[in-house]
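Descriptive analysis of the structure
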Amino acid sequence: MNRNFGKWMSAALAGALLTGVLTGCQSQQKPAADDVTYEAANIARDKTLIKVDGEPVSAEIYCFWLEQSVANQQQQYNLLDDASWEEEIEGKSAADYVKEDALTIAKYYRVLANKAAEYGLTVTDEQKAEMEDQFTQLTATLEEQGMTLDMIMRAQGISEAGFRTVMEQQYLAENLYDRLSEEGGPLMPTDEEMDAFLEEQGLYQVKHILLSTRKENEDGTYTAYSAEEEAQVKAEADALVAELRAADDPEALFDEKMKERSDDGRDQNGDLYAPDGYLAFPGQMVSEFETASLALKVGEISEPVKTEFGYHIILRQDADNEESRSYFPNYKMNQLSEQWMDEAKVETDQAYDTIDPKSFHEKQQAISDQVRAQAEAAAQAQSSASPAPEGSDTPETSQAPAPSSQP
């Protein structure tokens, strides 16, 4: 399951209520009077649609992620007309793709919530307070637009309780990550794990002294040095390499010369942007620089390497450092998540099989449009009842939020 689920973990999820439009599904369960999930596609919002290792996922939670998947595809210019629902995405119809994608996401957050429970983790009081602040701020923002929380929830196709569940699952995922990242936890790498990680990712660390062979013009373009000028730079680079290799402490002298002479990027004070060097991944640097860097052993200094920028003198460093280790927890968490996902048992209710992504998306869109029209009418009425102050422009009519593709 090669997927970065982190993109769904938005810290400002409540803000999606201002811009998103969600959906519903189907059921025989008797719905609540305000059940927009049932209204959109005939499944009661609190019906257990999916079980993950025996733990429930309700219809409205699944449908939340389903519409997010639809909206994400629309941002990629898919699902923009009737015919596109039958077009292929990764070897399946677009309709089947978003349906399965939503199941995977709902499963993912249920798996992490289950795992958090195993560690005795819950949503903290601080997180609960943060969530309440988000709802308070959201309510105030909506009131300024002539809308209510109930209206926007209806447009989203989810209840406030359901949306709180989504937010709580994201907090639990964050708390689980933090717990596993503690000293000695599985997200903290051993030396052997770091070696494997660096090799798999192709990460390498280097410093370089750049002797430029071009000059910047006033318009931001560059003019290459003449052959004679370039030869002078090459001679300087050769002499510098010889001096570095003959030094008692080549790395210390390298730092000294780099700070003094390198034409690499500098700030307004003249200090190098990257005095500690670069942690690079394959393809990040120009090919000549990358090839020369990877040919070096740790601590070794290169011959002058010519690129379009000039001559580089490169010092290979150990890539097992604080920066590279900061990337390991996400890498390891993805591995563990994949393992947990593979091991999880998923059961779906019969109602899941009846879901037609295109149908419920269209119906929920109609509900959203209805809410939008109500908001526009309310804003227009408010504008008409409250004349603009003398000398001011007539205020524009507030509009309901536009659809968004991601939480």
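Residues numbered from 1 in each chain as written. Predicted model: local features only at pLDDT ≥ 70, side-chain atom pairs only at ≥ 80, totals over all residues. Heavy atoms only, no water.

1. Describing the sheet that holds strand β2 (residues 55–58)
Strand order in this open sheet of three strands is β2-β1-β11, and the pairing throughout is antiparallel. The open sheet terminates on both sides in strands that have one partner only, identified here as β2 and β11 (346–348). When the angles between neighbouring strand axes are averaged without regard to direction, this sheet yields 25 degrees. Both strand β1 (residues 48–52) and β2 contribute to a ladder of four bridges, which runs antiparallel. Bridge pairing links threonine 48 to serine 58 in β2. On top of the sheet, helix α2 (residues 59–75) reaches β1 and β2; it is set at about 60 degrees to β2, its chief contact. (Pairing = 2+ DSSP bridges. Helix = DSSP H or I, 4+ residues; strand = E, 2+ residues; numbered from the N terminus. Axes fitted to C-alpha atoms, helices over the stretch in contact; angles between N-to-C directions. Contact = heavy atoms within 4.5 Å.)

2. What to know about the sheet that holds strand β10 (residues 310–317)
Strand pairs in the sheet, formed through backbone hydrogen bonds, run parallel or antiparallel to each other. Pairing is antiparallel in the open sheet, where four strands are placed in the order β8-β5-β10-β9. A strand with exactly one partner marks an edge of an open sheet, and here the two such strands are β8 (278–280) and β9 (305–307). On average, each strand axis in the sheet is inclined to that of its neighbour by 45 degrees, with strand direction left out of account. Where strand β5 (residues 204–212) and β8 come together, three bridges link them in antiparallel fashion. From the neighbouring strand, valine 206 faces β8, where its bridge partner is tyrosine 278. Of the strands in this sheet, β5, β9 and β10 are in contact with helix α8 (residues 227–246), which crosses β10 at around 20 degrees.

3. Considering the nonpolar core
Residues Leu49, Tyr62, Trp65, Leu176, Trp340 and Ile355 are the most contacted members of the largest nonpolar core, which totals 64 residues. For this core, the element with the highest residue contribution is helix α3 (residues 94–118), accounting for 14 residues. In this structure, tryptophan 340 is in contact with Val111, Leu112, Lys115, Leu176, Leu180 and Met333, ignoring residues within four places of it in sequence. Membership of the second largest hydrophobic core comes to 15 residues, among which are Val233, Leu244, Ile301 and Tyr311. (Core = buried A, V, L, I, M, F, W, Y, C linked by side-chain atoms within 4.5 Å. Buried < 20%, exposed > 50% of the residue type's maximum accessible area, 1.4 Å probe, protein only.)

4. Some remarks on the packing of aromatic side chains
Two aromatic rings are characterised by how far apart their centres lie and by the angle between their planes. The full count for this structure, using the stated rule, is nine aromatic pairs. Measuring from centroid to centroid gives 4.9 Å for phenylalanine 64 and tryptophan 65, while their planes differ by 85 degrees, and the two rings are edge-to-face. This pair shows no difference in class: phenylalanine 64 is buried, exactly as tryptophan 65 is. Ring plane angle 55 degrees and centroid distance 5.6 Å describe the contact between phenylalanine 328 and tyrosine 331, whose orientation is recorded as tilted. Here phenylalanine 328 pairs with tyrosine 331, and both are found in helix α11 (residues 322–343), just three residues apart, close to one helical turn. Summarising the burial analysis for this pair, phenylalanine 328 and tyrosine 331 share the class buried. Feature note: the residues Phe64, Trp65, Tyr108, Tyr109, Phe135 and Phe163 constitute an aromatic cluster, connected by ring pairs. (Phe/Tyr/Trp six-rings, centres within 6.5 Å; stacked < 30°, edge-to-face > 60°.)

5. What about the side chain of serine 84?
Relative to the assigned elements, serine 84 resides in the loop between α2 and β3 (88–89). Judged by its relative accessible area of 7%, serine 84 is buried. A polar atom in the side chain of serine 84 sits 3.1 Å from the backbone nitrogen of leucine 80. Among all residues touching serine 84, those that are not within four sequence positions of it are Leu79 and Ala94. (Polar contact = N/O pair within 3.5 Å; in protein donor to acceptor, adjacent residues only side chain to side chain.)

6. Remarks on the side chain of serine 262
When you line up the elements, serine 262 lands in the loop between α9 (250–261) and β8. Judged by relative accessible area, serine 262 falls into the buried class, the value being 3%.

7. Here we look at unusual backbone geometry
The phi angle at aspartate 53 is positive, at roughly 50 degrees, despite the residue not being glycine. For aspartate 53, the position within the fold is in the loop between β1 and β2. Of note, the phi angle at leucine 79 is positive, near 55 degrees, even though the residue is not glycine. Mapped onto the elements of the fold, leucine 79 is located in the loop between α2 and β3.

8. Some thoughts on the pattern of salt bridges
Applying the stated criterion to the full structure yields 19 salt bridges. With its nearest N and O atoms 3.7 Å apart, the salt bridge here joins glutamate 182 to arginine 179. Taking relative accessible area as the criterion, glutamate 182 reaches 44% and is therefore assigned partly exposed. Two residues, aspartate 263 and arginine 261, come together in a salt bridge whose shortest N-O distance is 3.2 Å. Connected through shared salt-bridge partners, Asp82, Lys358 and Glu362 make up one network. (Salt bridge = Lys/Arg side-chain N within 4 Å of Asp/Glu carboxyl O.)

9. Observations regarding the packing of helix α4 (residues 125–144) against helix α5 (residues 149–156)
Where α4 meets α5, the axes come as close as 9 Å, and the angle between the chain directions of the two elements is 100 degrees. Classified by the angle their axes make, α4 and α5 are roughly perpendicular. Contact residues: Phe135, Leu138, Thr139 and Leu142 in α4; Leu149, Ile152 and Met153 in α5. Per-class residue counts for the contact of α4 with α5 are six nonpolar, one polar and no charged. (Parallel < 35°, antiparallel > 145°, perpendicular 65-115°, else oblique. Nonpolar A, V, L, I, M, F, W, Y, C, P; charged D, E, K, R; others polar.)

10. Brief notes about α2
When the terminal C-alpha atoms of α2 are compared, their 24 Å separation across 17 residues agrees well with the 24 Å that a helix rising 1.5 Å per residue should span. Of all 17 residues in α2, 15 are buried; the element is thus mostly enclosed. Once α2 finishes, tyrosine 77 follows within two positions and takes phi at roughly 65 degrees, a positive value. (Expected span 1.5 Å × (residues − 1).)

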